[in-house]
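# Topology and contacts: notes
Residues per chain are reported as follows:
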Amino acid sequence: EPEVTQTPSHQVTQMGQEVILRCVPISNHLYFYWYRQILGQKVEFLVSFYNNEISEKSEIFDDQFSVERPDGSNFTLKIRSTKLEDSAMYFCASEGQGAVPQHFGDGTRLSIL
Amino acid sequence: GNSVTQMEGPVTLSEEAFLTINCTYTATGYPSLFWYVQYPGEGLQLLLKATKADDKGSNKGFEATYRKETTSFHLEKGSVQVSDSAVYFCALTRSGTSYDKVIFGPGTSLSVIP
């Protein structure tokens, strides 16, 4: 079964540094999402992306965050200047046409020191 | 707004016990309802779904019925196994909105002991 793949599985970064989280969605999917899960808390929506633009974003997704689909296969989340509170598990998801629920990747654990 | 509430965990059961995890939602119209499972160290997997009232979703021995009158989508399994130990998330997508964000409940941790 096709999978959403995320890299790296674990990223450790100094506070204030930029970080890019990468996702390869399922190949024929057109709708892409990022979510985050702070340790012990619920999964929260960050942003959705379709047709090379943001469809919806949450209040968490401030100016420090950006998303991009640079080459038609990867879907990236960039945090410009990381803060301690950005430490979380970040999940990418993709969705195809028809009544098919979103498929999630295994996540990237981001640790900010 | 739209939200999902789940029973608090952690839940600890003995193998072969009956499982119920309660889930209620707040939403306008007819949302689609889901249960996702997160095994230790892994990502989110769709366990089952229901898209309209009285639909029953089922998978791997788990079942949940979409109850519009009580705005509930309780997860049940007749006989749990150690391998069912995981965190279970009730979730919804909004009514009449295609390709929509998933709104998750807080999750319920289940531990099944031999």
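Here, every reference points to the structure presented above.
Summarised in this report is the structure supplied together with it. Treat the numbers as computed from the prediction; the structure is a model and nothing was measured. (Residues numbered from 1 in each chain as written. Chains lettered and ligands numbered in written order. Predicted model: local features only at pLDDT ≥ 70, side-chain atom pairs only at ≥ 80, totals over all residues. Heavy atoms only, no water.)

## Some points on the packing of aromatic side chains
Counted only if it meets this: Think of it this way: a Phe, Tyr or Trp ring, Trp meaning its six-membered ring, pairs with another when their centres are within 6.5 Å, and the plane angle makes it stacked under 30 degrees, edge-to-face over 60, tilted otherwise. Think of it this way: any DSSP run of H or I at least four residues long counts as a helix, any run of E at least two long counts as a strand, and we number them from the N terminus. Whether a residue is buried, partly exposed or exposed follows from its accessible area with a 1.4 Å probe, protein chains only, as a fraction of its type maximum: under 20%, in between, or over 50%, in that order. Placement of a charge over a ring requires the Lys NZ or Arg CZ to be within 6 Å of the ring centre, with the centre-to-atom vector within 35 degrees of the ring normal.
Using the criterion set out here, one finds 17 aromatic pairs over all chains in the structure. Ring centres 5.9 Å apart and planes at 70 degrees place the aromatic pair Y35 of chain A and F45 of chain A in the edge-to-face group. Pair noted here: Y35 of chain A is in strand β4 (residues 31-37) and F45 of chain A is in strand β5 (residues 43-50), with a separation of 10 residues, a long-range link. As far as burial versus exposure is concerned, Y35 of chain A and F45 of chain A are alike and both buried. By the ring-pair criterion, three or more aromatic residues cluster together here, those being Y33, Y35, F45 and F104 of chain A together with F34, Y36, F89 and F104 of chain B. One Lys or Arg, K68 of chain B, reaches over the ring of Y30 of chain B and ends 4.3 Å from the middle of that ring.

## A few points about the pattern of salt bridges
Let me state the cut-off plainly: Whenever a carboxyl oxygen of Asp or Glu lies within 4 Å of a side-chain nitrogen of Lys or Arg, that contact is scored as a salt bridge.
If you walk through the whole model with that rule in mind, you get 7 salt bridges over all chains. Of the charged contacts in the structure, one is a salt bridge between E56 of chain A and R94 of chain B, with a shortest N-O distance of 3.0 Å. Of this pair, E56 of chain A sits in strand β6 (residues 53-57) while R94 of chain B sits in the loop between β10 (86-93) and β11 (103-104), each in a different chain. For E56 of chain A, a relative accessible area of 24% translates into the label partly exposed.

## So, the state of the cysteines
The following threshold applies: When two cysteine sulfur atoms lie within 2.5 Å, the pair is treated as a disulfide.
Applying the stated criterion to the full structure yields 2 disulfides over all chains. Between the sulfur atoms of C23 of chain A and its disulfide mate C92 of chain A the distance is 2.0 Å. Here C23 of chain A and C92 of chain A share a disulfide; its torsion about the S-S bond, -65 degrees, makes the bridge left-handed. In this pair, C23 of chain A sits in strand β3 (residues 19-24) while C92 of chain A sits in strand β9 (residues 88-95), placing the two residues 69 residues apart along the sequence. Judged on exposure class, the residue C23 of chain A and its partner C92 of chain A are both buried. The disulfide partner of C23 of chain B is C90 of chain B, and the S-S distance across this bridge is 1.9 Å. Where C23 of chain B bonds to C90 of chain B through sulfur, the torsion about that S-S bond is close to -70 degrees, and the disulfide is left-handed. With C23 of chain B in strand β4 (residues 23-26) and C90 of chain B in strand β10, this pair connects stretches of sequence that are 67 residues apart.

## A few points about the nonpolar core
To be explicit about the condition: Residues belong to a common nonpolar core when they are buried Ala, Val, Leu, Ile, Met, Phe, Trp, Tyr or Cys residues joined through side-chain atoms within 4.5 Å. Contact between two residues is taken to exist if any of their heavy atoms lie within 4.5 Å; hydrogens are not considered.
Judged by nonpolar contacts, the single largest core of 27 residues is most densely connected at W35, L47, L48, F73, L75 and Y88 of chain B. If you list the elements that add at least two residues to this core, you get β2 (11-14), β3 (19-21), β4, β5 (32-38), β6 (44-50), β8 (62-65), β10 and β12 (108-113) of chain B. It is β10 of chain B that provides the largest number of residues to this core, a total of 4 residues. Those residues in contact with L48 of chain B that sit more than four places away from it in its chain are L33, F34, W35, G57, S58, N59, F62, E63, A64, F73 and L75 of chain B. Listed in part, the 22 residues of the second largest apolar core include V19, F32, F75 and I79 of chain A.

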